[in-house]
Every structure is written in structure tokens, then in C-alpha cells.
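# Coordinate analysis (summary)
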Amino acid sequence: MIPYIDYSLCTGCGACAELFPLFFEMRDDRPWFINYEKFVVEEHREVMFSCPFRAISIG
Ligand code: SF4
């Protein structure tokens with residue numbers, strides 16, 4: 001399971017990349033999920049809550 005970004009909800013605010021730079025990187029005002037080999041859903045579930053627009057889900 002890894003984070004999924006719904007770009008139809010994402011405003012490009014950058015909050016996810018500020019809070020979790022290990023997992024999100026802004027490229028041209030869009031967040032990209034990076035380092036997915038380090039993502040452990042039991043430990044990093046809170047990345048979902050970094051997005052004020054609920055654009056991040058885990059699936
Ligand atoms: S916090 Fe949410 S709205 Fe902001 S850049 Fe990340 S995914 Fe997009």
C-alpha cells in the first residue's frame with residue numbers, strides 16, 4: 001500500500017512536501033510521491049492527514 005494523490009483535489013499547496021519531505025517532492029507545483037520503498041503503511045499512515053484538501057489516500 002502506498003499513498004495515492006488525487007490531482008483533481010490537489011491545489012499544489014505544498015503542505016505534504018513540507019511535512020513529509022521524505023515522501024513528497026514538489027515538481028512544477030505538483031507533489032510526487034518519492035522513496036516508496038521506505039514507505040511502511042503502519043508507520044506512515046499520517047501522511048494522509050498532511051493534506052488539507054484530502055487529496056492523499058493510501059491504497
Ligand atoms: S498537501 Fe494536498 S493539496 Fe497540498 S500539494 Fe500536497 S497533495 Fe496537493
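Everything numeric here is computed off the predicted structure, so don't read it as measured data.

So, about the overall build of the chain. Looking only at helices and strands, one finds two helices and four strands in the chain. For the chain, the sequential pattern of α-helices and β-strands runs β-α-β-β-α-β. Its C-alpha atoms give the chain a radius of gyration of 10 Å, near enough to 10 Å, the size a compact globule of 59 residues would have. Looking at the chain residue by residue over its 59 residues, the buried ones come to 17%. Within the chain, counting contacts between residues at least 6 apart in sequence, those at least 24 apart form 54% of the total.

Moving on: the nonpolar core. Judged by nonpolar contacts, Cys16, Phe20, Phe23, Phe24, Val47, Cys51, Ala55 and Ile56 together constitute the single largest core of eight residues. Look past the residues within four positions of Ile56 in its chain and what remains in contact with it is Pro3, Ile5, Cys16, Val47, Met48, Ser50 and Cys51.

Reading guide: rules and limits
Every chain begins its residue count from 1, and numbering advances along the sequence as written. In keeping with the predicted nature of the model, local features appear solely for residues at pLDDT of at least 70, side-chain atom pairs appear and are counted solely at 80 or more, and the whole-chain, interface and lining totals rest on all residues. A run of DSSP states H or I qualifies as a helix once it reaches four residues; a run of E qualifies as a strand once it reaches two. Both are numbered from the N-terminal end. Taken over C-alpha atoms, the radius of gyration is set against a globule rule of 2.2 Å times the number of residues to the power 0.38. Using C-beta atoms placed from the backbone, we call a residue buried if 20 or more other C-beta atoms fall within 10 Å of its own, exposed if 12 or fewer do, and partly exposed for counts in between. This entry defines residue contacts through backbone-placed C-beta atoms, with two residues in contact when those atoms are within 7 Å. We define the nonpolar core as any set of buried residues of the types Ala, Val, Leu, Ile, Met, Phe, Trp, Tyr and Cys, connected via C-beta atoms lying within 7 Å of each other.

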